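The lines below spell out each chain.
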Amino acid sequence: MKKRQDGLYQKKVTIGHKPDGSPISKVVYGKTQKEVNEKAHNLKNIKNHSANNFKELADKTLKEKEKVVGMTTYKRYCETLCHFKKIYNKNIEEITASDIKSIIADMFAAGYSKSSLRKIRALYSLIAKYAIDNNIQIIDYTSTIKLPKNAPETKRHGISDKDISIIEENVTSEFGLYPFTMIYTGLRRGELCALEWNDIDFESGLIHVNKSIEYMHNRPHIKPPKTESGIRDIPILNKLYNPLKNAYDNKAEDDIYVFGGKEPYSDTMIKRRWEKYIKSVGLDITQHQLRHTYATLLYRSGIDAKTAQGLLGHADVQTTLNIYTDIAEDIKKISVDKLNQFLNKDS
């Protein structure tokens, strides 16, 4: 703030940034410093609540995405957006790469995984793209935002051979067919819960995967699979055939769903049955580990990544290759541990 020769005070206020990053400013005047500060404050408030306010644009972006993504993905976007609170009141034209890097740095310091940091960058990219698509002149800094190389990676692992044996031994117990089927088909939870008896062709030995379930307020809603690649046929392995056929032969005549009946199980019913099952058989595992176990079995059987991609329903073979790489590292570690144990016997 400075005082002019005519006695008025003036102050320059930044109200945004041009596409090249240079500031957009406006000068306010007043007879007193208090008056000038009030005008500057009001100008900032007007600017922060404009149509280009970051939070408002973010909400509009997510509202558009809600129409085309599943409820789980939408909820994940909403959870990720909460990390942007420090820039909620900024105009999107003001936001720089440093703002996003600062959010990532704070999360890294708090111990968040690299996966969580990727979600921050990805969401910022979606919001920036939405702004650009709506003729808002900004720079998309996504390509300049690098993640910390030493951020912890969260890797999923399959279950042990011992745990597989426990599941096999308890296939006829209450809810035992559920984990058994997941291990030997690699179906996602939503795909397995949506599986109908009509989707299983015992004669040709195939399971037709053509839908999934999304839970909204505990109620199941049928939807297409996660990706187009999710529509696929999976062979019924010999180990799975008899338990599945026995369950079919003993089902109620009007049962439609393999895991349900006339209607698929609700989200709560699945969770309760799962918790009861793992407690009764003495397991400490997650459902997604079972799908990862199927991928591990494919790898250990020598199935190539392209074939595994089709069986797992991955849209991109790189996803399968990444999983195969993780599995190879796990197997290598187990092998080294076994070698050390063997050598220690002789020492």
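Summarised in this report is the structure supplied together with it. Starting afresh in each chain, residues are numbered from 1 along the sequence in its written order. Note on the predicted model: pLDDT of at least 70 is required for a residue's local features to be given, and 80 or more for side-chain atom pairs to be given and counted; whole-chain, interface and lining totals, by contrast, use all residues. Side-chain numbers here rest on the full set of heavy atoms in the structure, without hydrogens or water.

Right, let's talk about the overall build of the protein for a bit. Along the protein, the regular secondary structure elements total 13 helices and 8 strands. We compute the radius of gyration over the C-alpha atoms and compare it with the globule rule, which gives 2.2 Å times the number of residues raised to the power 0.38. For 347 residues, the compact-globule estimate of 2.2 N^0.38 gives 20 Å, and the C-alpha radius of gyration of the protein, at 28 Å, exceeds that figure by more than 25%. Taking the principal axes of its C-alpha atoms as reference, the protein extends roughly 95 × 65 × 35 Å. Considering only residue pairs separated by 6 or more positions, the protein has 61% of its internal contacts joining residues 24 or more positions apart. The method behind every accessible area is Shrake-Rupley, applied with a 1.4 Å probe, and residues are considered shielded solely by the protein chains displayed. When the accessible surface of the protein is split by element, carbon and sulfur atoms take 50% of a total near 20,000 Å². Measuring between centres, the 56 positive side-chain charges of the protein sit 10 Å from its 44 negative side-chain charges. Put simply, DSSP H or I for four residues or longer makes a helix, DSSP E for two residues or longer makes a strand, and each gets a number counted from the N terminus. In this description, contact between two residues means that some pair of their heavy atoms is separated by no more than 4.5 Å. Charged residues are defined here as Lys and Arg on the positive side and Asp and Glu on the negative side; His and the ends of the chain fall outside this count. Taken as the charge centre is NZ of Lys, CZ of Arg, CG of Asp or CD of Glu, depending on the residue.

The subject of this paragraph is a nonpolar patch on the surface. Candidates for patches are residues over 30% relative accessible area with no salt bridge; among them, like charges are joined within 9 Å and nonpolar side chains (Val, Leu, Ile, Met, Phe, Trp, Tyr) within 5 Å. Any carboxyl oxygen of Asp or Glu within 4 Å of a side-chain nitrogen of Lys or Arg constitutes a salt bridge here. Taken together, the side chains of Leu-339, Phe-342 and Leu-343 present a nonpolar region at the surface, about 300 Å² in accessible area. Any residue under 20% of the maximum accessible area for its type is buried, any over 50% is exposed, and the rest in between are partly exposed; the area is computed with a 1.4 Å probe on protein chains only. Given a relative accessible area of 44%, Leu-343 falls into the partly exposed group.

Moving on to the pairing of strand E8 (residues 232–235). Because side chains alternate across E8, one face comprises the buried residues Arg-232 and Ile-234, and the other comprises Asp-233 and Pro-235, none of which is buried. As paired elements, strand E5 (residues 206–209) and E8 share 4 bridges and run antiparallel to each other. Bridge assignment links His-208 to a residue of E8, and that residue is Asp-233. A pair of strands counts as paired when DSSP detects no fewer than two bridges linking them.

A word on the packing of aromatic side chains. Only centres within 6.5 Å qualify two rings of Phe, Tyr or Trp (six-membered ring in Trp) as a pair; their planes then separate them into stacked at under 30 degrees, edge-to-face at over 60, and tilted for everything else. Evaluated as defined, the whole model comprises 11 aromatic pairs. Here Phe-202 and Tyr-248 contribute two aromatic rings whose centre-to-centre distance is 5.4 Å and whose plane-to-plane angle is 50 degrees, an arrangement assigned as tilted. Separated by 46 residues along the polypeptide, Phe-202 in the loop between strand E4 (200–201) and E5 and Tyr-248 in helix H9 (residues 238–249) bring together distant segments of the chain. Tyr-248 sits in the partly exposed class, given a relative accessible area of 34%.

Taking strand neighbours across the sheet as the criterion, the 3 strands line up as E4-E5-E8 in an open arrangement whose pairing is antiparallel. Each having just a single partner strand, E4 and E8 make up the two edges of the open sheet.

Before going further, it helps to spend a moment on a positive patch on the surface. A contiguous patch of positive charge, built from Arg-76, Lys-119, Arg-156 and Lys-226, is present on the exposed surface. One can find Arg-76 in helix H3 (residues 71–81). Residue classification places Arg-76 among the partly exposed positions, given a relative accessible area of 33%.

Here a cavity denotes grid points, spaced 1 Å and computed from the protein atoms alone, that fit a 1.4 Å probe unable to get out, and a pocket denotes an open set having protein on both sides within 12 Å along at least 5 of 7 lines; residues with an atom within 4 Å of a point are the lining. Grid points are joined across faces, edges and corners, and a volume is the space filled by probe spheres set on the points. When its volume is computed, the second largest pocket comes out at roughly 410 Å³. What lines the second largest pocket is a set of 16 residues, among which Ile-159, Thr-296, Arg-300, Ile-331 and Ile-334 lie closest to the centre. Counting residues per element, the ones that place at least two in the lining of the second largest pocket are helix H6 (161–169), helix H11 (287–300) and helix H13 (317–345). Among the elements that take part in the lining of the second largest pocket, H13 stands out by supplying 6 residues, more than any other. Under the scheme applied, nonpolar residues are Ala, Val, Leu, Ile, Met, Phe, Trp, Tyr, Cys and Pro; charged residues are Asp, Glu, Lys and Arg; polar residues are all the others, including Gly. Per-class residue counts for the lining of the second largest pocket are 6 nonpolar, 6 polar and 4 charged.

This next bit is on the nonpolar core. Throughout, nonpolar core names a set of buried Ala, Val, Leu, Ile, Met, Phe, Trp, Tyr and Cys residues whose side chains join them through atoms within 4.5 Å. Of all hydrophobic cores here, the largest spans 49 residues; its most connected members are Ile-167, Tyr-178 and Ile-200. Grouped together as the second largest cluster of nonpolar side chains are 32 residues, Leu-62, Tyr-88, Ile-145 and Ala-151 included.

Here we take up the side chain of Asn-53. Examined against the element boundaries, Asn-53 turns out to sit in the loop between helix H1 (33–48) and helix H2 (54–66). For Asn-53, a relative accessible area of 4% translates into the label buried. At a separation of 3.1 Å, a polar atom in the side chain of Asn-53 contacts the main-chain amide nitrogen of Lys-55. The definition of a polar contact used here is a pair of N or O atoms within 3.5 Å, where within protein one atom must be able to donate a hydrogen and the other to accept one, and adjacent residues in sequence count solely through side-chain atom pairs.

Next up on the list: the pairing of strand E6 (residues 212–216). Counting buried positions along E6 gives 4 out of 5 residues, so the element sits mostly inside the fold. Across 5 bridges, E6 lies against strand E7 (residues 219–223) in antiparallel orientation. Following the sheet pairing, Glu-214 is matched in E7 by His-221.

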